[in-house]
Amino acid sequence: MSFPARSTSRFESFYARALRLYPERFRYSHAESMRQAFRDALRDDSLPQRQLIPLILRDFFTSILKEHLTMLRDTFARPALIFNALILCVLATGLALALYSIPQQVLRQGANDPQIAMADDLVAKLEQGITPSQAVPAAGLDMARSLTPFVIVYDDQGRPLASQAELNGQTPAPPQGVFDYVRQHGEERVSWQPILGATSNRDEKSPLNGGMALQHSHGIRIAAVIQRVQLANGNPGGFVLAGRNMREVEDREQQVRQMAGLTWIGMLSVILLGSAAFGWYTRPRPVLATI
Amino acid sequence: MATATVPTAPLSPAVFAILLSLAEGEKHGYLIMKDALSPQGGGVRLGPGTLYGSIDRMMRDGLVEESGLSDDERRRYYRLTQLGQTALTTELARLDAAVTSARTLGLLPHGGQS
C-alpha cells in the first residue's frame, strides 16, 4: 500500500533536504536519481509502508557516513598528496635535526676553548720543571657549583697531585681508559661526569682524596681537556686536566633543542595544513554537465 | 577511470545484486532496488544511498555504465559493461562451485540445478 499523496510530498521534501548532507560530488552526481528512486518507492503499492521508512533511514545514515569517508579518502589520501607530504616531512625533520645539531656542536666545541689554552700553559710549566703545587694555585673551587675553569694535575698512575677544584672535598679522576688513551695520543677531549672514587687506583691512597673510594655520581658534567706531560729527562710526568662545569652550556643546548623542536613541530603543522588545503582545493569536483 | 581488471575477491552482496539485476538489461535505480530485494535477486535491502554509492564505485571500476536512456521522469538507466558481465560470470561460477561443494557434503538437498 502506498503513502497518501500529502505524506508522499512531505517525505519527499524532507528527503530532498536531507540529501544536501551528502558530499558535494556525490550529491551532484546522484541526488536527483536518489530522489527519484525514493519517489518511486513511496508510490510503489507492493512495498509495505512500515518497511520503507526504516530502510530509508538506515540506508541514509550508513551511506552518508560511507560517502563522507570516501570523500575524505579521495580528497586527502591521494597517493601523490601523501607522498609529497612525507617528502616534505622528511626534509623538515632533517632541517630540524641540523638546526639542533649544528649549534649544539658549536656550543660543545666552544666549551673547550679556555681549557685548551689552560692545559697547554700548565703542561709547558710542568715540562719546564715547575712542581705541580707551584704551577697550580690553590683555588678551592667547587666543581658542582662553580663555572670557573680549573686545572688538576695527576701523576702517571692517574692519582691527583694538585687541584684547583674539588667535589665534596675530594678530587675526582677520570676513568683509567682516558689516561690510557692520552698516553698513546697525547691529548683527549671528553665530557666527563665525575664519580668520586671511580678511578682504577681508588684503592691506593692519594694525597688529595685520602684513598676514599666513594661511588657516587653528582650529575654534573665537565668539559675536560686532558694532556700528557713529558718531562725533559724523558720520564713520564703525568697528566694535566683542564675542565669546566658544562651547566651553562647544557642550558644553552636545552634552549637550542627546544627551539629546534618547536621549529620542527611548526614545520610539520604547516606541511599538514598546507597538504590538507592543497588536497581540498584539488579534490575531485562534480562534473558540471551532471548538475 | 575504469580499471581493466575483473575483481578477484568475492563481490559484496550489493554489487552482486546490482550486477545480477542489470544482467537482464538496462534498468533505472528503483528497478534495481526492487530486483535486489526479491529472493531471486539475492534479497538484499538496498536504499537509494547504498545503491547509488555502489553504482558510483562500480562505474569508476568500469563494471557498469550509464546507458544514456532517460524516461519521462528523468530516471537514469544503467547497463553492464563487458567487464561487469565477466565479473558477474566469475562470481556466479564461484557461488556455483560453493553450492556444488555444499551438496557433496550433504549440507544442501540434492536435486535441481545449482
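Residues numbered from 1 in each chain as written. Chains lettered and ligands numbered in written order. Predicted model: local features only at pLDDT ≥ 70, side-chain atom pairs only at ≥ 80, totals over all residues.

Colleague: Explanation requested: the overall build of chain B in the structure shown.
Modeller: Of the regular secondary structure elements, chain B holds four helices and three strands. Helices and strands appear in chain B in the N-to-C order α-β-α-α-β-β-α. Buried positions account for 35% of the 114 residues belonging to chain B. Intrachain contacts of chain B at a sequence separation of at least 6 include 50% that bridge at least 24 residues. (Helix = DSSP H or I, 4+ residues; strand = E, 2+ residues; numbered from the N terminus. Buried ≥ 20, exposed ≤ 12 C-beta atoms within 10 Å, placed from the backbone. Contact = placed C-beta atoms within 7 Å.)

Colleague: What exactly am I supposed to notice about helix H1 (residues 13-22) of chain B here?
Modeller: Note that an α-helix has 3.6 residues per turn; residues three or four places apart therefore point the same way. All names here are of chain B. Burial within H1 is extensive, with nine of its ten residues counted as buried. Among all positions in H1, only Ala 14, Val 15, Phe 16, Ala 17, Ile 18, Leu 19, Leu 20, Ser 21 and Leu 22 are buried. Residues of H1 that are buried sit in contact with strand E1 (27-28), helix H2 (29-37), helix H3 (48-60), strand E2 (64-70), strand E3 (76-80) and helix H4 (82-104).

Colleague: Would you mind going over the confidence of the model for chain B with me for this structure?
Modeller: Fine structural detail should not be taken from predicted coordinates in areas where pLDDT scores are low. With 91% of its residues at a pLDDT of 70 or more, chain B shows a mean pLDDT of 87. As a predicted assembly, this complex carries a pTM of 0.61 together with an ipTM value of 0.84. (pLDDT = per-residue confidence, 0-100.)

Colleague: Before we go on, may I ask you to explain the interface of chain A and chain B in this structure?
Modeller: It is common to report an interface's size as the accessible area lost on association of the parts. In this complex, chain A contributes 20 residues to the contact, which on the side of chain B involves 16 residues. Secondary-structure elements contributing two or more residues to the side of chain A that touches chain B are helix H2 (24-43) and helix H3 (49-76) of chain A. Its residues placed into classes, the side of chain A that touches chain B shows nine nonpolar, six polar and five charged. (Nonpolar A, V, L, I, M, F, W, Y, C, P; charged D, E, K, R; others polar.)

Colleague: Explain the sheet that holds strand E9 (residues 236-245) of chain A here, please?
Modeller: Pairing between the strands of a sheet is mediated by backbone hydrogen bonds and can be parallel or antiparallel. All names here are of chain A. Sheet architecture is open: five strands sit in the order E3-E2-E9-E8-E5, paired in antiparallel fashion. Only two strands of the sheet have a single partner each, and these edge strands are strand E3 (160-163) and strand E5 (187-192). Strand-to-strand twist across the sheet, computed as the mean angle between neighbouring axes with direction ignored, equals 20 degrees. As paired elements, strand E2 (residues 150-154) and E3 share three bridges and run antiparallel to each other. Residue Val 153 lies in a different strand from E3, and its bridge partner there is Ala 162. On the sheet, helix H5 (residues 113-127) packs against E2, strand E8 (222-230) and E9 and is oriented at approximately 155 degrees with respect to E9. (Pairing = 2+ DSSP bridges. Axes fitted to C-alpha atoms, helices over the stretch in contact; angles between N-to-C directions.)

Colleague: It is not clear to me how the confidence of the model for chain A should be interpreted in this structure. Could you clarify?
Modeller: All names here are of chain A. Mean pLDDT for chain A: 85, with 88% of residues reaching 70 or above. The spread of mean pLDDT over the elements of chain A runs between strand E7 (residues 216-217), the lowest at 52, and E2, the highest at 95. Low pLDDT, under 50, characterises residues 198-216; the stretch is placed with 35 contacts to residues that sit more than four places away or in other chains.

Colleague: In this structure, what is going on with unusual backbone geometry? I would like to understand it.
Modeller: Most peptide bonds take the trans configuration, and most residues that are not glycine carry a negative phi. Residue A:Asn168 is not a glycine yet carries a positive backbone phi of 55 degrees. In this fold, A:Asn168 is placed in the loop between strand E4 (165-166) and helix H7 (176-185).

Colleague: Just checking my understanding: could you explain the sheet that holds E1(B) for this structure?
Modeller: Residue and element names in this part refer to chain B. Spatially, three strands are ordered E1-E3-E2 in an open sheet, and the strand pairing comes out antiparallel. Two strands close off the open sheet at either side, each with one partner strand: E1 and E2. Of the pairings in the sheet, the one linking E2 to E3 comprises four bridges and is antiparallel in character. Paired with Ser 70 across the strands is Arg 76, a residue of E3.

Colleague: I would appreciate a short explanation of the packing of H1(B) against H2(B) in the present structure.
Modeller: In helix packing, the relevant descriptors are the interaxial angle and the interaxial distance, both defined with respect to the helix axes. All names here are of chain B. Contact geometry for H1 and H2: axes closest at 9 Å, N-to-C directions at 110 degrees. Classified by the angle their axes make, H1 and H2 are roughly perpendicular. As for the relative orientation of H1 and H2, their crossing is right-handed in sense. Touching Ala 17, Ile 18, Ser 21 and Leu 22 of H1 are Ile 32, Asp 35 and Ala 36, all from H2. Broken down by class, the residue content of the contact of H1 with H2 amounts to five nonpolar, one polar and one charged. (Parallel < 35°, antiparallel > 145°, perpendicular 65-115°, else oblique. Left-handed = near helix turned anticlockwise from the far one by under 90°.)

Colleague: What is the right way to look at the packing of H1(B) against H4(B) in this model?
Modeller: All names here are of chain B. The contact between H1 and H4 brings their axes to 10 Å, and the two run at 115 degrees. In terms of orientation, H1 lies roughly perpendicular with respect to H4. For the crossing formed where H1 meets H4, the hand is left-handed. Across from Phe 16, Leu 19 and Leu 20 in H1, the residues of H4 making contact are Gly 84, Ala 87, Leu 88 and Glu 91. Residues of the contact of H1 with H4, tallied by class, amount to five nonpolar, one polar and one charged.

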